[in-house]
Every structure is written in structure tokens, then in C-alpha cells.
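In case you want the letters, here they are:
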Amino acid sequence: MKGRLALYCPTLGVEEEFQLVERCSGQLSNAIERVLEKGQSLFGEQIKPEMHASTVEIISPVCADITAVRQELGGLRRRLIEILAAEDLVPVSAGTHPTARWQDQQRTERERYAELEEEEQDVGRSLLIFGLHIHVGIPDREVAIAVMNQARLWLPHLLALSANSPFWAGRMTGIKSYRSVVWRRCNRSGLPEVLPSLAHFERYVDDLIAVGAIDNGKRIWWDIRLHPFFDTLEFRICDMPATLEDTIALAALCQALVAKLCLLHQQGVTTLVLPRLYIEENKWLAMRDGLDATYLDFVNHRRLSMREAIGELLDFVADVAEELGSQREMAHLRALLADPRGTGADRQIAVYRQTGAIDQVIRLLIEQTTQGVLEVA
């Protein structure tokens, strides 16, 4: 790699939470133990359960660049499809299942999830949601805090691009990321406050541990967080997107944003850091309307479309994206902005309005999850 990033290219890691769905019925299956038994030899530590037994998490290794991410995620998804097929199951990539009720789901039998259920009660039990987590490496944790404070500004943009959960328990909710509505009920979730320094963050975590509120920093589930054990900034705001290509492109955008902010930091330049309450306004609009949202620019005191705001973000990171070799992924995001079909949420809504059949929405989700997987190289 040449240019300014020759000595610093942020690594990437991706965690995907897939729905375990019965091929014939399209309904969730509490099959995680069978899936883990079959998948352990193929995936090793790259396959894990989540709180609900109808969820499987697939974890990429640390990747040096977006090309490696593409290869790894494509291979992991192909393997997942193969082992699920033997159980007459399919994976689904979406933030919620269109018809499933959390009351009908089984909890995965692990001590961690029993503790979470005890702590959160029905709030925890109702978290039948599926997210995409993107880790971007930053070796200097003090710099990572400064970058996190700034990157918060663009979290609504990432949510709008990934919005893929308009249905909940058989209802079209009118919210394009209903997963975000469900998740915000959980303690220590949502947008973080501005953190003055690494010491302030570490003191907060240590204080929570000292009084027994948490046992480690992973119990802090902000939309973006400094990971307590890895030198990564973790973006946690996204729904599971509609397609593999969407996922790869979102990972590339997070990497480019972090790289851009790190380069500016080296030059002594800081973008505006907004208080949480301002960003909450745009997060709500992104949750509700996705790419069709209005974006409130509190910096320049103007209103613009979310598509225009994301276009400005892509312009902001264009130079580093070129150095990172992610032009293909940035082009995909620009095409998504121009596509009248919109995001996964928009496509789900369109199919439901055309057919009146929520089963057809589920079939769409199954098709999109496998789209392009065999062609990934």
C-alpha cells in the first residue's frame, strides 16, 4: 500500500448474527445446539451462540484489508449455508424476523445468557434481534477514544444504509429499523456520551465492575464502543443488512471513516464533536425512515436528505478509500443511494405491499442472504 496509509492500515473484523430458519416453513428454529455440533469442526472459534437458540453468530478472523474481508465472509457464509442445508435450515440476514414472537423462543443454555435474562428480565427476553458488528483496529487507545467521539456523528448514516427490520411479530411497524427500537430498551445501550479521555472511559468501566454492576466491559453495549479486550473500535449500530455485498461495503465504510479520522488526528485536526442529544435526533429519523430520512445538519444549520448526507460522507472518505483499495465497495454504496429499491427494509416493504403476503417477505430474505455468495472471490 502506498501513500499516507503505508504505515497504518486499520485492520477489520466482522461479526454477523444470522437467523436460523426452517427452509420449508420460513419460521425460526431453535436449532443452535445442532448447528454448533455440526459446525465446530468447520468453524472452530468462528461460530458462536447468542441468547436465543434461533441465532448463530459467525465471526471473521482479523483481516488486513477489505479484500481479505470479502474472501473470509464469502467463505464463512458458504460453509454456513452448507451445514444448515443438512438440517433443512437456511440462514437469514435481517435485523428482525417478520413474523416471529420472542415469547415463543428458547434461550440458549449458557450461564452468560441466564445471567443476562436475570438482569434484564423481559427486556432481555425480547431481544430477538440480529445485528452486524464491525471492528476497526486502532492500536493507540487514546486516539481511539478521540476517533469514537467524532465517529458518533455518522452513526445515523450507517444505520440508514443497513436498515433491514421493518416487521415485528407479524406487523409492518412503520419503522425501517425496528431492531433499533427493541435494542434501545436494553441497559447500557444506545449512543455513548462524549468521553473526555481514555482515563475517563476506563474509570467508568472500573467503577461499574467495582460495585458489581458488570463483570467486564463487554456488558457495555453502546452503538459504538472501544472494545474492552481488543484494540478495536467496534461499530454496533447496524442491522444485519440485506446482502453480503451490503455487509462488505459497510465494513469498508467503517474502515475508511476510522482511517480518515486517524489521519486528521495525526495532522492535529478534529471534526466537530456533537453532544449525544443532537445525534439522537438523526438516529431516530434513520430508524424510522432509513434512506428516505431527512438529515438535520446541526453544524451548518440546514436540512438535507439522508441520501445527500451519506453522499457527503462518501466524499469525505473518498481519498482514504482509494488508498485502502475499497473503491468497489464505495461504488456499491453510491449505487445503493441511487437505487429506487432502497435498502433491505424498503425491499421488504415493497414485496409486502405488492403481494400482501408476509411469507413472500421471508422468501425474499432467504434469497437475498445467499445472493452473490457463490460468486465471491
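In what follows, the structure referred to is the one given above.
In this text, all values refer to a predicted model and were calculated from it rather than measured experimentally.

Topic: the overall build of the chain
- Looking only at helices and strands, the chain has 14 helices and 13 strands in total.
- Relative to the compact-globule value of 21 Å for 377 residues, the chain shows a C-alpha radius of gyration of 20 Å, a close match.
- Each principal axis of the C-alpha distribution contributes one length, and for the chain these read about 55 × 50 × 40 Å.
- Counting all 377 residues of the chain, 59% fall into the buried class.
- Taking contacts inside the chain between residues at least 6 apart in sequence as the whole, the part at least 24 apart equals 77%.
- Each charge class in the chain can be summarised by its mean position, and for the 41 positive and 53 negative side chains these summaries are 3 Å apart.

Examining the pattern of salt bridges
- Here the structure, examined in full by the defined rule, presents 33 salt bridges.
- Among the salt bridges present, the one from E16 reaches R77, with a minimum N-O distance of 2.7 Å. Note that E16 is positioned in strand β1 (residues 12-22) and R77 in helix α2 (residues 66-85), a separation of 61 residues in sequence. Residues E16 and R77 agree in their burial class; the two are buried.
- Across the pair D231 and R141 runs a salt bridge, and its minimum N-O distance is 3.3 Å. Pair noted here: D231 is in the loop between β10 (224-226) and β11 (232-239) and R141 is in helix α5 (residues 141-151), with a separation of 90 residues, a long-range link.
- Taking relative accessible area as the criterion, D231 reaches 39% and is therefore assigned partly exposed.
- Overlapping salt bridges bring together E115, E119, R188, D215 and R219 as one network.

With respect to the side chain of S93
- Inspection of the secondary structure puts S93 in the loop between β4 (89-92) and α3 (111-120).
- In terms of polar contacts, S93 uses its side chain to reach the backbone carbonyl oxygen of P241, at 2.5 Å.
- The contacts of S93, once residues within four sequence positions are left out, are F18, R77, N164, M240, P241, A242, L365 and T369.

What about helix α13 (residues 344-355)?
- In this model α13 runs 17 Å from its N-terminal to its C-terminal C-alpha over 12 residues, within 8% of the 16 Å that 1.5 Å per residue would give.
- Buried within α13 we find G344, A345, D346, R347, Q348, I349 and V351.
- Packed against the buried residues of α13 are β6 (167-168), β7 (171-172), α9 (244-266), α12 (327-338) and α14 (358-370).

Let's talk about a negative patch on the surface
- Negative charge collects at one region of the surface, where D140, E142, E202 and D206 lie side by side.
- Within the secondary structure, D206 is located in helix α8 (residues 198-210).

Quick word on the environment of V194
- Locating V194 in the fold gives a position in the loop between β8 (189-190) and α8.
- In this structure V194 comes out as partly exposed when scored by relative accessible area, which is 37%.
- Sequence-wise, V194 and A146 are 48 residues apart; in three dimensions their C-alpha atoms are separated by 9.1 Å.
- Leaving out residues up to four positions away in the same chain, V194 has contacts with N149, R152, V273 and L274.

Focus: the environment of D319
- Its place among the elements puts D319 in helix α11 (residues 306-324).
- Relative accessible area serves as the criterion here: at 28%, D319 is assigned to the partly exposed category.
- Separated by 299 residues in sequence, D319 and L20 place their C-alpha atoms 39 Å apart.
- Within polar-contact distance, the side chain of D319 engages the side chain of K260 at 3.1 Å.

Some words on the packing of α13 against α14
- Between α13 and α14, the least distance of the axes is 8 Å, while the angle of their chain directions is 145°. As α13 packs across α14, the resulting crossing turns out to be right-handed. Residues R347, Q348, V351, Y352 and T355 of α13 form the contact with α14, whose participating residues are I358, Q360, V361, L364, L365 and Q368.
- For the contact of α13 with α14, a count of residues per class yields 6 nonpolar, 4 polar and 1 charged.

A look at α8
- Between the first and last C-alpha of α8 there are 18 Å, a value that for 13 residues agrees with the 18 Å anticipated at 1.5 Å per step.
- Inspection of α8 places L198, F201, V205 and L208 among the buried residues, and these make up the whole buried set. Along the axis of α8, the buried residues cluster in a sector spanning 100°; they form a single face. Opposite the buried face of α8, by more than 90 degrees, sit the exposed residues R203 and A210.
- The distance from a side-chain oxygen at the start of α8 to the backbone nitrogen of A199 is 3.3 Å, and the residue carrying that oxygen is S197.
- Taken from the residues just after α8, G212 is the one with a positive phi, measuring 85°.

Rules used throughout
- Residues numbered from 1 in each chain as written.
- Predicted model: local features only at pLDDT ≥ 70, side-chain atom pairs only at ≥ 80, totals over all residues.
- Heavy atoms only, no water.
- Helix = DSSP H or I, 4+ residues; strand = E, 2+ residues; numbered from the N terminus.
- Rg over C-alpha atoms; globule rule 2.2 N^0.38 Å.
- Buried < 20%, exposed > 50% of the residue type's maximum accessible area, 1.4 Å probe, protein only.
- Contact = heavy atoms within 4.5 Å.
- Lys, Arg positive; Asp, Glu negative; His and termini not counted.
- Charge placed at Lys NZ, Arg CZ, Asp CG, Glu CD.
- Salt bridge = Lys/Arg side-chain N within 4 Å of Asp/Glu carboxyl O.
- Polar contact = N/O pair within 3.5 Å; in protein donor to acceptor, adjacent residues only side chain to side chain.
- Expected span 1.5 Å × (residues − 1).
- Patch = residues over 30% accessible without salt bridge, like charges linked within 9 Å, V, L, I, M, F, W, Y side chains within 5 Å.
- Areas by Shrake-Rupley, 256 points an atom, 1.4 Å probe, with all protein chains shown as cover.
- Axes fitted to C-alpha atoms, helices over the stretch in contact; angles between N-to-C directions.
- Left-handed = near helix turned anticlockwise from the far one by under 90°.
- Nonpolar A, V, L, I, M, F, W, Y, C, P; charged D, E, K, R; others polar.
- Arc of directions from axis to C-beta.

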